[in-house]
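Architecture and fold: a report
For reference, the chains in residue letters:
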Amino acid sequence: MMSRWLFACLSLGLALSAAPAWAGAASGTVPPEIAAHFTPEDLARGRAYMDGRYWLFAAGTALRLAALACLIFTPASASLRNLAVRLSPAHPAVAVAIYIALLELASELLTLPLGYYAGFVREHAFGLSTQTGGAWLLDRAKGAMISLILVVPLGSLLTLLWRRYPGRWLLPAWTLGGAIVVLLVALSPVVIDPLFNTIRPVQDSALRQRVLALAQRAGIPVEEVYEADASRRTRKGNAYFTGLGATKRIVLYDTLITQSDPEAVELVLAHEMGHWTHAHIWKGIALTLVGMGFALWCGARVLAWAGARRSFHLAGPADVAGLPLFLLVLFVLNLAGLPLQSAISRHFERQADQASLELTKNPAAFIRAEVDLARTNLADLAPPPALVWLLYTHPPVAERIRMAEAFGATSAPPVSR
Ligand SMILES: [Zn+2]
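Described below are features of the structure shown in this document. Predicted model, so just to flag it, every value in this text is computed and none were measured. Along each chain, the written sequence defines residue order, and numbers are assigned to residues from 1. Owing to the predicted nature of the model, reporting of local features is limited to residues with pLDDT of at least 70; listing and counting of side-chain atom pairs is limited to 80 or more, with chain, interface and lining totals taken over all residues.

Time to look at the sheet that holds strand β3 (residues 239-242). The 4 strands are arranged β1-β2-β4-β3 in an open sheet whose pairing can be described as mixed. The sheet is open, and its two borders are formed by β1 (199-201) and β3, each paired with just one other strand. The mean inter-strand angle of the sheet, taken between neighbouring strand axes irrespective of direction, is 30°. Strand pairing is defined by DSSP finding a minimum of two bridges between the two strands. A helix here means a DSSP run of H or I that spans at least four residues, while a strand means a run of E at least two residues long, and both kinds are numbered starting from the N terminus. When β3 meets strand β4 (residues 249-253), the two strands line up antiparallel, connected through 4 bridges. Across the sheet, the residue bridging to Ala239 is Leu252, located in β4. Across the face of the sheet, helix α12 (residues 262-277) comes into contact with β3 and β4 while running at roughly 20° to β3. Axis geometry follows a simple rule: fit a line to the C-alpha atoms, using only the stretch in contact for helices, then measure angles between N-to-C directions, giving values from 0 to 180 degrees. Contacts are defined on C-beta atoms placed from the backbone: any two residues whose C-beta positions lie within 7 Å are in contact.

Below, the structure is given as structure tokens:
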């Protein structure tokens, strides 16, 4: 029964990783909003860029699935555990930490070539990257260090719970995981983000005044808006809302400030404020906790089943060598949940778009911002509907323009400033 379930999971993962192939067949037609605001060259460039990104998603997914399957269905994971035990025979906890560190390093090395191609070679080929190879590698090394620092103690704690509370580790693991999620969201703006970017209050005083006036109208306590020196890495424009409590903040890419007109920047800010007023970060955390609880429960069931079977080369359900199987369960559940996660995210983005229009009453600037960003970031202007369903965290460009046009048709002219 369970082996059929596992087989079904793997098949589902592989089928989803082939999504670009079946979605390509149903490639989107060009909506009238796109024909009105973009040139055929814009369309072709966006499609060429994004087509490759879809395939890279598929390749990355297939690669991870294959690596995990290889660890699980051969003695590879058990051999790695034996190696870790030989390196630290007297200290089981250290051996566990070594095993997890080796697993993490192997994963980094395995995904490095694809990551280099996607994040450096291709970004340069499309004129988007401003990074040198050395700078890219430094980013990658920093990311790997952060992963190691997080994953080794957390993985060790998880497997400690497996051993200490066999059959009862679910609740403590879920509590621990939830606390880590909240802590990471709260601390990343001040601890992790500054490792990659210089983040400082917005320097342009006119923009700052606009921000404060906008925040006052939105009724949210924004005293400062930040800018990140994204231009050291990319020509893409963006902005994001991050943090919790005292670290809650809106951050603009410097590329957005320099490339867009002030009214369009204001629209982007109003969108981020929409996320703020709708409490999307807290809602996102709550949904993550629900998903995590379900995933941990499934992981526990699979480990309990596999631990008793010789074909998995495990010494029992609490064996650290079962970690790849546990990760496979989380990975496949995450894949299966992608359409739901994307739909929820698109719903949040629509709410933020609507809030930005209501706050600024400036649909013309909204459309300008949308068109500028889509052109700069090489968006797929007519994405296949199946890929929107699976992967799109934001509504497609045409839908957002349509929303602004509908708003413009039914509302008063912009608020005068
Ligand atoms: Zn958003």
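What follows picks up the thread again.
Moving on to unusual backbone geometry. In the Ramachandran plot, Lys361 falls in the positive-phi region, its phi being about 50° despite a non-glycine side chain. As for its position among the elements, Lys361 is in the loop between α15 (338-360) and α16 (363-376). Neighbour density around each residue's C-beta defines its exposure: 20 or more other C-beta atoms within 10 Å make it buried, 12 or fewer make it exposed, and counts between make it partly exposed, where C-beta atoms are placed from the backbone. Under the C-beta neighbour-count criterion, Lys361 is labelled partly exposed, with 16 such atoms within 10 Å. Look at Leu378: it is not a glycine, yet its phi comes out positive at around 55°.

Ranked by size, the top nonpolar core spans 45 residues in total, and within it Leu214, Leu252, Val268, Leu269 and Met273 carry the most contacts. For this core, the secondary structure elements donating two or more residues are α10 (205-218), β4, α11 (254-259), α12, α15, α16 and α18 (397-410). When residues in this core are grouped by element, the largest group, 8 residues, is from α12. Those residues in contact with Leu252 that sit more than four places away from it in its chain are Val202, Val225, Glu227, Ala239 and Ile257. Take the buried Ala, Val, Leu, Ile, Met, Phe, Trp, Tyr and Cys residues, join any whose C-beta atoms are within 7 Å, and the set you get is a nonpolar core. Among the nonpolar cores identified, the runner-up in size contains 34 residues, and Tyr99, Ala173, Leu328 and Val332 belong to it.

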